Amino acid sequence: KDPRPMKTVFSPLHSRRHVRTELDGGLLIEPHEKPSRAETILARVKDQALGEILEPEEFGLAPIQRVHTPDYVAFLETCWQDWLAAGKPGEAIPAVWAGRGMRHRIPKDIDGRLGYYSFAAETSISEGTWEAARASANVALTAQKLVADGERAAFALCRPPGHHAHADLFGGYCFFNNAAIVAQAFRDQGYGKVAILDVDFHHGNGTQAIFYDRADVLTISLHGDPDLVFPHFLGFEDELGEGTGEGYNLNIVYPPGTPYSTWSQGLETACERIEVFKPDALVVALGVDTFEHDPISFFKLASEDYLSLGQRLAQLGLPTVFTMEGGYDVDAIGVNAVNVMQGFEGKS
Ligand code: OKP
Ligand code: MG
Ligand code: ZN
């Protein structure tokens, strides 16, 4: 057994986010992104004795505001109180956006601000969302600190997830972009180059947008074709970065039914790109909604494939932070996520 097993960072405050609604198919359903996801992963970490489980430290808002705008952070902090103060009966759901030809100014009214600061309507906000999102960022930053202090890798068991969040937009169940916050923290601590590899089923649109004009953070995402699936408006293969960042964004897109034998070719391309980039640290945005039985996705990865994924990531030989993203087959999410960690540590 590894003399230094991988540590997991987890906060019970994730459960403060427990919205009752997700707008899906014209109905308000029980959200896919629910508290049992994190609890099931934590149970598997314990059951497999993966390694020590730590609670996060408090890092304050400064490292969050290296990635997110102060006005967006302030909006999230008071959103639920503002919604209640406006006398709304249900959960806060954006329902209006600045369409083509309209003005991108920040309205006073909470309905207007919900639209201004979001790009999708499935992500309801209620009491505790702010606290859970803050805790999730602290989980990520604590894992980053472990790695900066010499751990080979660490598992940030983040909930809510982060990779869809832009500098000033929530959506896709995400509020703070935990992977981006970790990458920026490495940069601010003197790591010259950082790579973010997003293996969630969905495009990491927020992460891409945050670093799109930068060459110091390489962003790569493997995902379902956005012509067919969320987030629909970003994540195509011709998006290569802009300005100084041209050549430092890579999207690899697959169609419905993609098995690991195909998906892993994209993983190989991604790993080869990372090897050429020679980063000083790696952030893996880890979603396991690529699983064959995931209820909202269309890839066909099997549980044992996550061991292979972990093994390949370990071959990069980089200081690595894993941030938990998606995965909605709750019965399998623990096995699949922890398989990545165990594969990384050499299990086959
Ligand atoms: C978040 B993460 C389902 C629509 C799904 C939102 C997906 C968010 C995924 N009917 N829309 O990347 O796992
Ligand atoms: Mg992805
Ligand atoms: Zn996803």
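This text goes with the structure placed above it.
The structure contained in this document is the topic of the report that follows.

**Digging into the overall build of the protein**
Here's step 1: A count of helices and strands for the protein gives 10 helices and 10 strands.
Here's step 2: Radius of gyration (C-alpha) of the protein: 19 Å, near the 20 Å computed for a compact globule of 348 residues.
Here's step 3: With the C-alpha coordinates of the protein rotated into their principal frame, the extents come out at 55 × 45 × 40 Å.
Here's step 4: Per-residue burial for the protein yields a buried fraction of 58% across its 348 residues.
Here's step 5: The long-range share in the protein, meaning contacts at least 24 apart out of those at least 6 apart in sequence, stands at 78%.
Here's step 6: Accessible surface computed for the protein: about 13,600 Å², of which carbon and sulfur atoms make up 52%.
Here's step 7: Seen as two clouds, the 29 positive and the 48 negative side-chain charges of the protein have centres 4 Å apart.

**As for the coordination of the zinc ion (ligand 3)**
Here's step 1: For the zinc ion (ligand 3), the protein coordination sphere consists of Asp200 (OD), Asp200 (OD), His202 (ND1) and Asp289 (OD), at 2.0 to 2.8 Å.
Here's step 2: One can describe the site at the zinc ion (ligand 3) as irregular: its 6 donor atoms subtend angles covering 52 to 157° at the metal.
Here's step 3: Each donor residue of the zinc ion (ligand 3) belongs to the same chain, and together they define the spacing D-x1-H-x86-D. Pair noted here: His202 is in the loop between strand 6 (194–198) and helix 7 (205–210) and Asp289 is in the loop between strand 9 (281–286) and helix 9 (305–314), with a separation of 87 residues, a long-range link.
Here's step 4: Owing to a relative accessible area of 6%, His202 belongs among the buried residues under this scheme.
Here's step 5: Owing to a relative accessible area of 0%, Asp289 belongs among the buried residues under this scheme.

**Considering the site of ligand 1**
Here's step 1: Around ligand 1, the neighbouring residues are Asp24, Glu122, His163, His164, Gly172, Tyr173, Asp200, His202, Phe230, Asp289, Gly326 and Tyr328.
Here's step 2: Interatomic distance of 3.1 Å between a side-chain N/O atom of Asp200 and an oxygen atom of ligand 1.
Here's step 3: Summarising the interface, the protein chains cover 85% of the accessible area of ligand 1, which totals 410 Å² for the free molecule.
Here's step 4: The residue inventory of the shell around ligand 1, partitioned by class, reads 3 nonpolar, 5 polar and 4 charged.

**Focus: the packing of aromatic side chains**
Here's step 1: As enumerated under the stated definition, the model contains 16 aromatic pairs in all.
Here's step 2: Measuring from centroid to centroid gives 4.7 Å for Phe75 and Tyr117, while their planes differ by 25°, and the two rings are stacked. Of this pair, Phe75 sits in helix 3 (residues 70–85) while Tyr117 is found in the loop between helix 4 (110–116) and helix 5 (129–148), placing the two residues 42 residues apart along the sequence.
Here's step 3: The class of Phe75 is buried, set by a relative accessible area of 2%.
Here's step 4: The buried category is assigned to Tyr117, whose relative accessible area is 3%.
Here's step 5: Between the aromatic rings of Tyr116 and Tyr117, the centroid separation amounts to 4.8 Å while the plane-to-plane angle is 85°, which identifies the pairing as edge-to-face.
Here's step 6: Judged by relative accessible area, Tyr116 falls into the partly exposed class, the value being 25%.
Here's step 7: Taken together, the aromatic side chains of Tyr72, Phe75, Tyr116, Tyr117, Phe170 and Phe175 make up a single cluster linked through ring pairs.
Here's step 8: The positively charged end of Lys88 is found above the aromatic ring belonging to Trp83, 5.3 Å away from the centroid.

Basis of the calculations
Residues numbered from 1 in each chain as written. Chains lettered and ligands numbered in written order. Predicted model: local features only at pLDDT ≥ 70, side-chain atom pairs only at ≥ 80, totals over all residues. Heavy atoms only, no water. Helix = DSSP H or I, 4+ residues; strand = E, 2+ residues; numbered from the N terminus. Rg over C-alpha atoms; globule rule 2.2 N^0.38 Å. Buried < 20%, exposed > 50% of the residue type's maximum accessible area, 1.4 Å probe, protein only. Contact = heavy atoms within 4.5 Å. Areas by Shrake-Rupley, 256 points an atom, 1.4 Å probe, with all protein chains shown as cover. Lys, Arg positive; Asp, Glu negative; His and termini not counted. Charge placed at Lys NZ, Arg CZ, Asp CG, Glu CD. Donors = N, O, S within 2.8 Å, 3.2 Å for Na, K, Ca; no water. Tetrahedral: all angles 85-135°; square planar, octahedral: opposite > 155°, others 65-115°. Near = heavy atom within 4 Å. Polar contact = N/O pair within 3.5 Å; in protein donor to acceptor, adjacent residues only side chain to side chain. Nonpolar A, V, L, I, M, F, W, Y, C, P; charged D, E, K, R; others polar. Phe/Tyr/Trp six-rings, centres within 6.5 Å; stacked < 30°, edge-to-face > 60°. Lys NZ or Arg CZ within 6 Å of the ring centre and 35° of its normal.

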